[in-house]
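Read off the chains here:
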Amino acid sequence: MTQKNSTELGRRAFLAAGAAFAAGAPAIAQTEDTTTEVERDINEAVVRNISSFRSLDWRPYFDSLKNGAVLVDITSRALHYWSEDQSIYKLYPSSVPLTEDLTRKGRTKVVRKVEGPSWRPTPSMLKRNPEWPPYVEPGPDNPLGTHALYLSWTYYRIHGTHDTRKIGRRSSNGCIGLYNEHISELFALTKVGTQVLLI
């Protein structure tokens with residue numbers, strides 16, 4: 001065997017061993033903080049999200065599209081928007097609440113829109129996380145990102161996030177998060193009174 005062949009074989013063996021190690025290890029998302037879920041073993045079959053992340057018809061969920069409609073599907077981690085005149089349909093990946101007890105489902109509506117929102121953690125958030133600041137002004141450190149749609153449920157929002165790792169994951173304390181560019185677009189499309197359904 002020539003020196004070149006021996007080197008190539010050694011490199012292949014090293015790469016194969018590395019790939020085997022990586023395939024056998026569970027994928028862990030953001031292990032340094034507990035604000036996102038631990039992903040399943042990559043070898044497990046996962047029947048969620050990708051197959052569920054598809055366009056939907058609004059009729060099974062709303063009686064009409066008066067003021068437009070937002071549907072948030074917690075299972076597929078997707079937010080759907082339909083305009084009142086049905087000319088616009090949008091589908092966005094989203095973050096959803098960390099646990100079932102933080103998840104609220106049902107009908108609500110947009111009651112306030114804020115560009116450049118400030119943020120105050122709820123009393124229950126501060127109880128769970130006493131190290132958190134009581135107030136965060138608008139800007140890159142704000143958990144609400146660039147825009148927020150305030151819902152009729154106290155403390156619940158559809159908002160942006162500067163931490164893009166959270167999108168597509170269970171990572172919030174109850175709110176629905178979008179990429180900042182998506183919440184900016186949704187913010188422009190919705191109005192106070194837009195109906196919202198979380199399922």
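This write-up is about the structure you can find in this document. (Residues numbered from 1 in each chain as written. Predicted model: local features only at pLDDT ≥ 70, side-chain atom pairs only at ≥ 80, totals over all residues. Heavy atoms only, no water.)

Looking now at the layout of surface pockets. Its volume calculated, the largest pocket comes out at about 830 Å³. Trp119, Met125, Trp132, Pro143 and Asn173 are the residues nearest the centre of the largest pocket, which is lined by 39 residues in total. Of all the secondary structure elements, the ones that give two or more residues to the lining of the largest pocket are β5 (106-115), α2 (123-128), β7 (157-161) and β8 (170-172). With three residues, the top contributor of residues to the lining of the largest pocket is β7. (1 Å grid on protein atoms, 1.4 Å probe; cavity = no way out; pocket = protein on both sides within 12 Å on 5 of 7 lines; lining within 4 Å. Points joined across faces, edges and corners; volume = space filled by probe spheres on them. Helix = DSSP H or I, 4+ residues; strand = E, 2+ residues; numbered from the N terminus.)

To continue, consider the sheet that holds β7. Strand order across the open sheet formed by eight strands is β3-β2-β1-β10-β5-β6-β7-β9, with mixed pairing between neighbours. In the strand order of this sheet, the two ends are held by β3 (89-93) and β9 (176-179), each with one partner. For this sheet, the mean angle separating the axes of adjacent strands, direction not counted, is 25 degrees. The pairing of β5 with strand β10 (residues 195-198) spans four bridges and is antiparallel. Bridge pairing in β10 links lysine 109 to glutamine 195. Sheet strands in contact with helix α3 (residues 180-189) are β1 (69-73), β2 (78-82), β3, β5, β6 (147-151), β7 and β9, and its direction is about 105 degrees off that of β9. (Pairing = 2+ DSSP bridges. Axes fitted to C-alpha atoms, helices over the stretch in contact; angles between N-to-C directions. Contact = heavy atoms within 4.5 Å.)

Without other data, these values stay purely geometric and don't point to any function.
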